[in-house]
Amino acid sequence: LAQAVDVPPRPFAYATVWLANGASLLLPISNLTNLLAARRLGSLGSAGFAARMLLPEIVAVAVIVAALFWLFRADLRGRHRRATPYVAPDRVLLWLAGVCCLAVAPASIAGVTPWQVATPAAAVLAAGCWMRGHRPDLRTALPWRILLLTEGLFLLVAALGRHGLDAVLRHLTGHGSLLVEAIGAVTGNLVNNLPSYVALERAVPTGHHRDLLALLLGTNAGPMLLVSGSLATMLWRQRCAARGVQVSALEFARYGALLVPPLLLLTYLALITGPA
């Protein structure tokens, strides 16, 4: 969209990936890690989950937006005007996709299981694409390599857990929820946040909701140092490259090193000062 309206794409590319990770705290459906946590946090319900994560969500968005304005102030300065108005290539499909996306959150809050709304929404979108003449090649449209890599990491973490990793993590996570958040951020960057969450969830005792919520802060907002830290980041980098926006691993880590520490600390403070 930034390219289509003739503005520098980099600030908006980073806004997309940082918000997709760090601001995906509010609802059980906001992130795949949240969905994994839904079973353990089921007693909270969607409304209770949102109440506990509302303040961290607000803080995360504020920190990310402030970082974007500071880091990309040169690109965001002044006004940008397009010579001709931008026209969406397929307005019908745009509205259809918008309605399907917007239906997910209210359905989740109403208690509908995510797959029960996501599956028909995907079917509607697929039918809409077919009828409008958009027929992507599934061999390139679906991120098979990324999915296989993530699945392989799940298997690796499960094997390590049976050979001593779970015991080590139980010892480390027994020293407070701030440490749980920090470990989640570090391991999320090292092995991807999804298998990291699964391994650390096993180390958190039943009923320790604050520790689990802190773990979600770590595994959502923390893995923004390495480009392999989250599924969202890997997909984002792939789409950036497809649009000609090259983001090096070093650049991503350099910006992430400035953002992640204050983001983790301030969201944690928001969690512990919010409703218990």
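Placed above this text is the structure.
Residues numbered from 1 in each chain as written. Predicted model: local features only at pLDDT ≥ 70, side-chain atom pairs only at ≥ 80, totals over all residues. Heavy atoms only, no water.

## Comments concerning the overall build of the chain
Thought 1: What the chain contains, in helices and strands, is 13 helices and zero strands.
Thought 2: Across the chain, helices and strands are ordered from the amino to the carboxyl terminus as α-α-α-α-α-α-α-α-α-α-α-α-α.
Thought 3: A compact globule built from 276 residues should have a C-alpha radius of gyration of about 19 Å, and the chain, at 20 Å, falls within 12% of that.
Thought 4: Taken along the three principal axes of its C-alpha coordinates, the chain extends 60 × 45 × 35 Å.
Thought 5: Within the chain, the fraction of its 276 residues that count as buried is 40%.
Thought 6: Across the chain, every contact between residues at least 6 apart in sequence was considered, and the portion connecting residues at least 24 apart equals 80%.
Thought 7: Accessible area for the chain stands at about 15000 Å²; split by element, carbon and sulfur atoms hold 69% of it.
Thought 8: A distance of 5 Å separates the average location of the 22 positive side-chain charges in the chain from that of its 11 negative side-chain charges. (Helix = DSSP H or I, 4+ residues; strand = E, 2+ residues; numbered from the N terminus. Rg over C-alpha atoms; globule rule 2.2 N^0.38 Å. Buried < 20%, exposed > 50% of the residue type's maximum accessible area, 1.4 Å probe, protein only. Contact = heavy atoms within 4.5 Å. Areas by Shrake-Rupley, 256 points an atom, 1.4 Å probe, with all protein chains shown as cover. Lys, Arg positive; Asp, Glu negative; His and termini not counted. Charge placed at Lys NZ, Arg CZ, Asp CG, Glu CD.)

## Quick notes on the state of the cysteines
Thought 1: All chains considered together, the criterion is met by zero disulfides.
Thought 2: The structure places no disulfide on cysteine 101, whose sulfur is separated from the nearest cysteine sulfur, that of cysteine 100, by 7.0 Å.
Thought 3: A relative accessible area of 55% places cysteine 101 in the exposed class.
Thought 4: Summary of cysteine pairing: cysteine 129 is not part of a disulfide, and the nearest cysteine sulfur, belonging to cysteine 100, is at 9.7 Å. (Disulfide = S-S within 2.5 Å.)

## A look at the packing of aromatic side chains
Thought 1: With the rule as written, the count across this model stands at seven aromatic pairs.
Thought 2: Site record: aromatic cluster; members linked through ring pairs are Tyr14, Trp18, Phe72, Trp236, Phe252 and Tyr255.
Thought 3: Of note, arginine 254 hangs over the ring of tyrosine 255, and the distance from its end group to the ring centre comes to 5.3 Å. (Phe/Tyr/Trp six-rings, centres within 6.5 Å; stacked < 30°, edge-to-face > 60°. Lys NZ or Arg CZ within 6 Å of the ring centre and 35° of its normal.)

## Side note on the pattern of salt bridges
Thought 1: Following the criterion strictly, the structure yields three salt bridges and no others.
Thought 2: Notably, a salt bridge pairs arginine 10 with glutamate 251, separated by 3.0 Å at the nearest N-O pair. Residue arginine 10 is found in helix α1 (residues 9-22), and its partner glutamate 251 is found in helix α13 (residues 249-273); the two are separated by 241 residues along the sequence.
Thought 3: Under the relative-accessibility criterion, glutamate 251 is labelled buried at 12%. (Salt bridge = Lys/Arg side-chain N within 4 Å of Asp/Glu carboxyl O.)

## Thoughts on the side chain of serine 46
Thought 1: For serine 46, the location among the structural elements is in helix α3 (residues 45-71).
Thought 2: Since its relative accessible area comes to 16%, serine 46 is described here as buried.
Thought 3: With residues near it in sequence (within four places) discarded, serine 46 still touches Pro28, Ser108 and Ile109.

## Focus on the packing of α3 against helix α11 (residues 209-221)
Thought 1: Direction vectors running N to C along α3 and α11 enclose 50°, while the axes themselves pass 12 Å from each other. For the element pair α3 / α11, the angle class is oblique. The interaxial crossing formed by α3 with α11 has right-handed handedness. Contact residues: α3 offers Phe49, Arg52, Met53 and Pro56, while α11 offers His209, Arg210, Leu213, Leu216 and Leu217.
Thought 2: In terms of residue class, the contact of α3 with α11 is built from six nonpolar, one polar and two charged. (Axes fitted to C-alpha atoms, helices over the stretch in contact; angles between N-to-C directions. Parallel < 35°, antiparallel > 145°, perpendicular 65-115°, else oblique. Left-handed = near helix turned anticlockwise from the far one by under 90°. Nonpolar A, V, L, I, M, F, W, Y, C, P; charged D, E, K, R; others polar.)

## A short note on α3
Thought 1: Compared with the 39 Å implied by 1.5 Å per residue over 27 residues, the 38 Å span of α3 between its first and last C-alpha is a close match.
Thought 2: At methionine 53, α3 shows its maximal bend, which comes to roughly 45°, and the proline proline 56 appears one to four places after that position.
Thought 3: Those residues of α3 that sit buried are Ser46, Phe49, Ala50, Arg52, Met53, Pro56, Glu57, Ala60, Val63, Ile64, Ala67 and Leu68.
Thought 4: On its buried side, α3 packs onto α1, α2 (32-37), α4 (73-76), α5 (91-109), α11 and α13. (Expected span 1.5 Å × (residues − 1). Bend = angle between axes of the 7 residues up to and from the residue.)

## Some remarks on a nonpolar patch on the surface
Thought 1: Residues Leu19, Val61, Val65 and Phe69 make up a contiguous nonpolar surface patch of roughly 300 Å² in combined accessible area.
Thought 2: Among the elements that line the nonpolar patch, the one with the most residues is α3, at three residues. (Patch = residues over 30% accessible without salt bridge, like charges linked within 9 Å, V, L, I, M, F, W, Y side chains within 5 Å.)

## Digging into the packing of helix α9 (residues 177-191) against α11
Axes are the key here: two packed helices are described by the angle between their axes and the distance separating the axes.
Thought 1: For the pair α9 and α11, interaxial distance at closest approach is 7 Å and the crossing angle is 30°. Between α9 and α11, the crossing angle belongs to the class labelled roughly parallel. By crossing handedness, the relation of α9 to α11 is classed as right-handed. Here Ser177, Val180, Glu181, Gly184 and Ala185 of α9 lie close against α11, whose contacting residues are Arg210, Asp211, Ala214, Leu215, Leu217, Gly218 and Thr219.
Thought 2: Each residue belonging to the contact of α9 with α11 can be placed in one class, and the counts come to five nonpolar, four polar and three charged.

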